[in-house]
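Observations on chain architecture
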Amino acid sequence: MNILVLNCGSSSVKFQFISTDLEMIQRNADRRLARGSVERISGEAIVALRTEGKEVQRSTAKLRDTRAAVEFIVHWACSEAGIPEIKSVSDVNAVGHRVVHGGEKFTQSVLITDQVLKGIEECIELAPLHNPTNIKGIMAARDVFGAGLPQVAVFDTAFHQTLPETAFLYALPYQLYRRYRIRRYGFHGTSHRYVAYRYRQIRNIQRNETNVITLHLGNGCSIAAIRAGDSIDTSMGLTPLEGLVMGTRSGDIDPAIVDFIGAKEGLSPQEVETLLNKQSGLLGISGLTNDMRDLLDEERENNDRRAHLAIEVFCYRARKYIGAFLAAAAGAQAIIFTGGIGENSPEIRGRICSGMEWAGMELEDERNRQYFDGREGIISKDGSRLQVYVIPTDEELLIARDTVRCVTGTTQRY
Ligand code: ADP
């Protein structure tokens, strides 16, 4: 089956065309036919397109909305891309969408029906910035391909729906949970689920034997404790703001700070929330950038104190959470690093793991230095009681596979 995977944001659409089916999944033989992104939709959009085995083509195009972007992508795929498997719209067999918030309604990926759309709409109040743009993507694909083409929703929150009440409940008046479903949902679920799955493939173990702590460190960062294959705790909460220090998000803070900043700086609660989401984290502490690469250079080349501090606070928070999650999960077999920083920065992995020998975690420096640019493997010493892995994430692949499973009616608990 040829699956179009869509990740529709407020002003961007990321996509991949993946050829896969149940048998290809079994053999790990899925094929990525093409991929790309359309950014700054609404005016002159910036387009990057790439067919399997070819160079990236960059250009601009006048695309006024998500629908125009999806139309453009499909038209490109059927013509200039020169993909032998996709010659016309009818060669696309299904569309898989990343949907940010599934609330408590969606515990796994689902075929999109009118009722499912209504459910995604009902979750808008939990993710007012994301779910509406995801819905736009679904409607756009419906327009372009026709209502008959199967579409599947894969939720960022679904994998964490196995969290026990003790982990997901905030210590607020209980009626607030009952009335408004205020609780920890967690995000990056597709990524945590994918790397846990790869881990058990590498180790040749079963799902219910998989006890790991996964760290997704990208622009957004989160950590999950996975016990017997299920997520039992995670650092993000009602929204993606809670937990680790991120590129521009603060992660955990004392909630009283919100009011304090508002009063001192004359900001509304919404403005403070924007400050916590967009001007904090690595960017906030360093005053320079949210890009970890640039911070590492700055620290090295210019001895910048705040760049150093931003990196140290980032690593310290991650280490503290590893300790907490080891306690939550009653130990683990391995710690897994993924995401742009986790996959590519031996320096950050080294700093996070330093001083964790008490937990049986011993990094092998030489190995650690060898893993970046999509390489997958173990970076702890032979005999380390707690092993450490780098496993590049592949959310699009998991979305394509879930799409196949939903369309064919097979189980997703793999
Ligand atoms: P997103 O969370 O937006 O999906 P990614 O997972 O792609 O983002 O991660 C992006 C981040 O990864 C960037 O902010 C960048 O700082 C970081 N990154 C990428 N390569 C490196 C590297 N070699 N060293 C340190 N950080 C890196």
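Residues numbered from 1 in each chain as written. Predicted model: local features only at pLDDT ≥ 70, side-chain atom pairs only at ≥ 80, totals over all residues. Heavy atoms only, no water.

Observations regarding the site of the ligand
In plain terms, the rule: Being near a molecule or strand, for a residue, comes down to having at least one heavy atom within 4 Å of it. For the purposes of these results, a polar contact is taken to be a pair of N or O atoms within 3.5 Å, where, inside protein, one atom must be able to donate a hydrogen and its partner to accept one; residues adjacent in sequence count only when each atom of the pair is a side-chain atom. The helix and strand labels rest on DSSP assignments: H or I over at least four residues marks a helix, E over at least two residues marks a strand, and numbering proceeds from the N terminus. Here the nonpolar group is Ala, Val, Leu, Ile, Met, Phe, Trp, Tyr, Cys and Pro; Asp, Glu, Lys and Arg are the charged ones; every other residue, Gly included, is treated as polar.
Taken together, Gly218, Asn219, Gly220, Asn290, Asp291, Met292, Arg293, Gly339, Gly340, Ile341, Asn344 and Ser345 make up the full set of residues near the ligand. Within the backbone of Ile341, a nitrogen or oxygen atom sits 3.4 Å from an oxygen atom of the ligand. With respect to the ligand, the backbone of Asn344 contributes an N or O atom lying 3.4 Å from a nitrogen atom. Secondary-structure elements contributing two or more residues to the shell around the ligand are α11 (292-302) and α13 (339-344). Broken down by element, the shell around the ligand gets its largest block of residues, four residues, from α13. Its residues assigned to classes, the shell around the ligand comprises two nonpolar, eight polar and two charged.

Some details on unusual backbone geometry
Short version of the rule: Only protein chains enter the calculation, and the probe is 1.4 Å; a residue is then buried if its accessible area is under 20% of its type maximum, exposed if over 50%, and partly exposed in between.
Despite not being glycine, Asn204 has its phi angle at roughly 60 degrees, a positive value. Using a relative accessible area of 68% as the deciding quantity, one classes Asn204 as exposed. Non-glycine residue Ala228 carries a positive phi angle of around 50 degrees. By the secondary structure assignment, Ala228 is in the loop between β10 (221-227) and β11 (230-234).

Digging into the sheet that holds β11
In plain terms, the rule: Any two strands between which DSSP finds at least two bridges are classified as paired. Contacts are assigned to residue pairs that have any heavy atoms within 4.5 Å of one another. Note on geometry: axes are C-alpha line fits, over the in-contact stretch for helices, and angles between N-to-C directions span 0 to 180 degrees.
Overall, mixed pairing links the six strands, which are arranged β11-β10-β9-β12-β14-β13 in an open sheet. Two strands in the sheet have a free side with no partner beyond their single neighbour: β11 and β13 (377-378). One ladder, built from four bridges, connects strand β12 (residues 334-338) with strand β14 (residues 387-390); its direction is parallel. Each residue of the ladder has a partner; that of Phe337, found in β14, is Val390. In this fold helix α7 (residues 189-203) packs onto β9 (212-217), β10, β12 and β14, with an angle of close to 130 degrees to the strand it touches most, β9. Here helix α14 (residues 346-353) sits on the sheet and contacts β9, β12 and β14; the angle it forms with β12, its principal contact strand, is near 150 degrees.

Describing the sheet that holds strand β6 (residues 94-99)
Spatially, eight strands are ordered β5-β4-β3-β2-β1-β6-β8-β7 in an open sheet, and the strand pairing comes out mixed. Either end of the sheet is taken by a strand with one partner, and the two such strands are β5 (57-62) and β7 (110-111). Here five bridges tie β6 to strand β8 (residues 151-155), and the two strands are oriented parallel to one another. Bridging from a neighbouring strand, Val95 pairs with Gln151 of β8.

Here we look at the pattern of salt bridges
Counted only if it meets this: Whenever Lys or Arg places a side-chain nitrogen within 4 Å of a carboxyl oxygen from Asp or Glu, that contact is recorded as a salt bridge.
Following the criterion strictly, the structure yields 27 salt bridges and no others. Between Lys62 and Glu44 there is a salt bridge; the shortest N-O distance is 3.0 Å. One end of the pair, Lys62, is in strand β5; the other, Glu44, is in strand β4 (residues 44-51), and 18 residues separate them in sequence. Where Glu366 meets Arg369, a salt bridge forms, and the shortest distance between an N and an O atom there is 3.0 Å.

Notes on the packing of aromatic side chains
Here is the rule we go by: Any two rings among Phe, Tyr and Trp, with Trp reduced to its six-membered ring, count as a pair given centres within 6.5 Å; such a pair is stacked if its planes are under 30 degrees apart, edge-to-face if over 60, and tilted if neither. Any Lys NZ or Arg CZ that is within 6 Å of a ring centre and within 35 degrees of that ring's normal is treated as a charge sitting over the ring.
Applying the stated criterion to the full structure yields eight aromatic pairs. Centroid distance Phe15 to Trp76: 6.1 Å. Interplanar angle 70 degrees. Geometry classified as edge-to-face. Placement of the pair is Phe15 in strand β2 (residues 13-19) and Trp76 in helix α2 (residues 66-78), with a sequence separation of 61 residues. With relative accessibility at 2%, the residue Trp76 sits in the buried group. For the pair Phe168 and Tyr177, a centre-to-centre distance of 5.7 Å together with 50 degrees between the ring planes defines the contact as tilted. A residue is classified by how much of its surface remains accessible, and Phe168, at 8% relative accessible area, is buried. Classification of Tyr177 by relative accessible area gives buried; the value is 9%. Three or more aromatic residues joined by ring pairs make a cluster, and in this case those are Phe15, Phe17 and Trp76. Lying over the aromatic face of Tyr185, Arg183 brings its terminal NZ or CZ to 4.8 Å of the ring centre.

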